[in-house]
Amino acid sequence: MSAQIIDGKAIAKAIREKTKAAAARLRRAPALAVVMVGENPASAVYVRNKVRACNEVGITSIEHRLPQDCTDERLLEVIKALNEDATVDGILVQLPLPEHMHAGLILETIDPNKDVDGFHIYNTGKLVTTGGGFKPCTPAGIIELLKAIDYPIEGKHAVILGRSNIVGKPLAMLMLQENATVTMTHSHTPNLKHYTLDADILVAAIGRAKYVKADMVKPGAVVIDVGTNRDENGKLCGDVDTQAVQEVAGWITPVPGGVGPMTIAMLMHNTLISAQKRQNIF
Ligand SMILES: Nc1nc2c(c(=O)[nH]1)N[C@@H](CN(C=O)c1ccc(C(=O)N[C@@H](CCC(=O)O)C(=O)O)cc1)CN2
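All chains use their own residue numbering, which begins from 1 and follows the written sequence. Totals for whole chains, interfaces and linings use every residue, but because this is a predicted model, local features are given only for residues with pLDDT of at least 70 and side-chain atom pairs only at 80 or more, for both listing and counting.

Caption draft 1: Here's a closer look at the overall build of the chain. Runs of H or I in DSSP of at least four residues are treated as helices and runs of E of at least two as strands, each being numbered from the N terminus. When its secondary structure is counted, the chain shows ten helices and eleven strands. For the chain, the C-alpha radius of gyration of 19 Å lies close to 19 Å, the compact-globule estimate for 282 residues. For the C-alpha atoms alone, the extent of the chain along its principal axes is close to 55 × 40 × 35 Å. Within the chain, the fraction of its 282 residues that count as buried is 42%. Radius of gyration means the value over C-alpha atoms here, while the globule rule gives 2.2 Å times the residue count to the 0.38 power. Exposure criterion: with C-beta atoms placed from backbone coordinates, a residue whose C-beta has 20 or more other C-beta atoms within 10 Å is buried, one with 12 or fewer is exposed, and one in between is partly exposed.

Caption draft 2: Fine view of the packing of helix H1 (residues 8–24) against helix H10 (residues 259–278). Here an axis means a line fitted to C-alpha atoms, over the contact stretch when the element is a helix, while the angle between two N-to-C directions is reported on a 0 to 180 degree scale. Put simply, H1 and H10 touch, their axes get as near as 8 Å, and they point 15° apart. One way to sum up the angle between H1 and H10 is to call them roughly parallel. In this structure, the crossing between H1 and H10 has a hand that is left-handed. Counting all contacts with H1, which are made through Gly 8, Lys 9, Ile 11, Ala 12, Ile 15, Arg 16, Thr 19, Ala 22 and Ala 23, the residues of H10 involved are Val 259, Gly 260, Pro 261, Met 262, Ile 264, Ala 265, Met 268, His 269 and Leu 272. Of the residues assigned to the contact of H1 with H10, the class counts are twelve nonpolar, four polar and two charged. By the definition adopted for this analysis, an angle is roughly parallel if under 35 degrees, roughly antiparallel if over 145, roughly perpendicular if from 65 to 115, and oblique otherwise. In a left-handed crossing the near helix is turned counterclockwise from the far helix by less than a right angle, and in a right-handed crossing that turn is clockwise. Placing a C-beta atom from the backbone of each residue, one calls two residues in contact when those atoms lie within 7 Å. Put simply, Ala, Val, Leu, Ile, Met, Phe, Trp, Tyr, Cys and Pro go in the nonpolar bin, Asp, Glu, Lys and Arg in the charged bin, and everything else, Gly too, in the polar bin.

Caption draft 3: The arrangement of the UniProt feature "domain: Tetrahydrofolate dehydrogenase/cyclohydrolase catalytic" (unreviewed entry) in the chain in detail. UniProt positions are given in the numbering used here, feature names are shortened, and annotations may be inferred rather than shown by experiment. UniProt's entry tags residues 6–117 with the feature "domain: Tetrahydrofolate dehydrogenase/cyclohydrolase catalytic" (unreviewed entry), counted in the numbering of this structure. Annotation note: span residues 6–117, helix share 48%, strand share 16%, distance between end C-alpha atoms 24 Å.

Caption draft 4: The arrangement of the packing of H1 against helix H6 (residues 137–148) in detail. It is the contact of H1 with H6, at a shortest axis distance of 11 Å, that shows an interaxial angle of 100°. Considering their axes alone, H1 and H6 lie roughly perpendicular with respect to each other. On H6, the residues touching Gly 8, Ile 11 and Ile 15 of H1 are Glu 144, Leu 145 and Ala 148. Of the residues assigned to the contact of H1 with H6, the class counts are four nonpolar, one polar and one charged.

So this is what it looks like as C-alpha cells:
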C-alpha cells in the first residue's frame, strides 16, 4: 500500500484565492502588522513568506523589524501603537522571541480582536470553551487539510505527539470540537507506540527529524507531519520518516508542502475575518 499525499500547497492556494476574492469586496484592504525581533534565519523565511502571501491576496502588510537586543518595553510600545491604530486589522509577533524577552507578557498585550495568530489567552479561553475566537493557524490548517480530503473526524482517535502552545494543545481542542477522541502524548509518555498504533489520525509535532517510523503507524491512518527539521544532509524534513511511513499510512502530508503552507493561508484567512468584523460585514 502507498499512502495518498495530502497536497497542502494546493489546498492552501485555494484558501488564499477565496481570501483574495473576499478581501477585494471590502471597503478597505485588510492590514496585517508583522513584527519580528532579531535575526533568526528560519523566522526571516516565514516572515518573508507571510508578506509575500499578503501581497498575493490583497492584504496590506506592515513590517516592524526590531533588533536582537530589543527590550520587552520597546516591543510593548510597538504593540500598543498597533493596537490603537484603527487601520490595522491583525497583529502578529513572530516566534520564537529572543530568550531574554517574555513572550507571555508580549502576546497578552496584543488586542485580542487583532490577535490573528490566536495566541492571546482570551482566544485560548474561547478555544477551550465556546469557540468563536481566532484559532491558531497551524492547528486550524490541519483541520482544513482533513476537511479537504473529506476525512470524517467525528468518532476517530486523534493522537497528537507534542504539547506546545502553538500546535499540540490548541489542536487537541479543535479535534474535540470536531468530536474526535483525543490523546495527547509528549516526551514523558511511556510506551508511545501503544498510543500511536491506535491512532486513526496521527499528528507529529515534536520537532525531532524522522522520529515517527513505519512500525508506529496503524495501517490506513492519516499521518500529519508538522515538523520542520534538517536531516543529516541538511535537507528539510519533518518529524515523520515519510519514505517508510507512506507504505503503511492511508494519507500523509509531505514536508515541505503539507502543513507549512496551511499555516500561512490560515493567517490570511484570520486577517480577512478580523477586517470583515471591523468593517461590520458580519
Ligand atoms: N507568530 C507565529 N510564530 C510562529 C508560528 C506562527 O503560527 N505564528 N508558527 C511557526 C513558524 N511558521 C509561521 O510562523 C511557519 C513554519 C513553516 C512554514 C512553512 O511554510 N514551511 C514550509 C517549508 C519552509 C522552509 O523551506 O523552511 C513547508 O512546510 O512547506 C510556514 C510558517 C513558529 N513560529
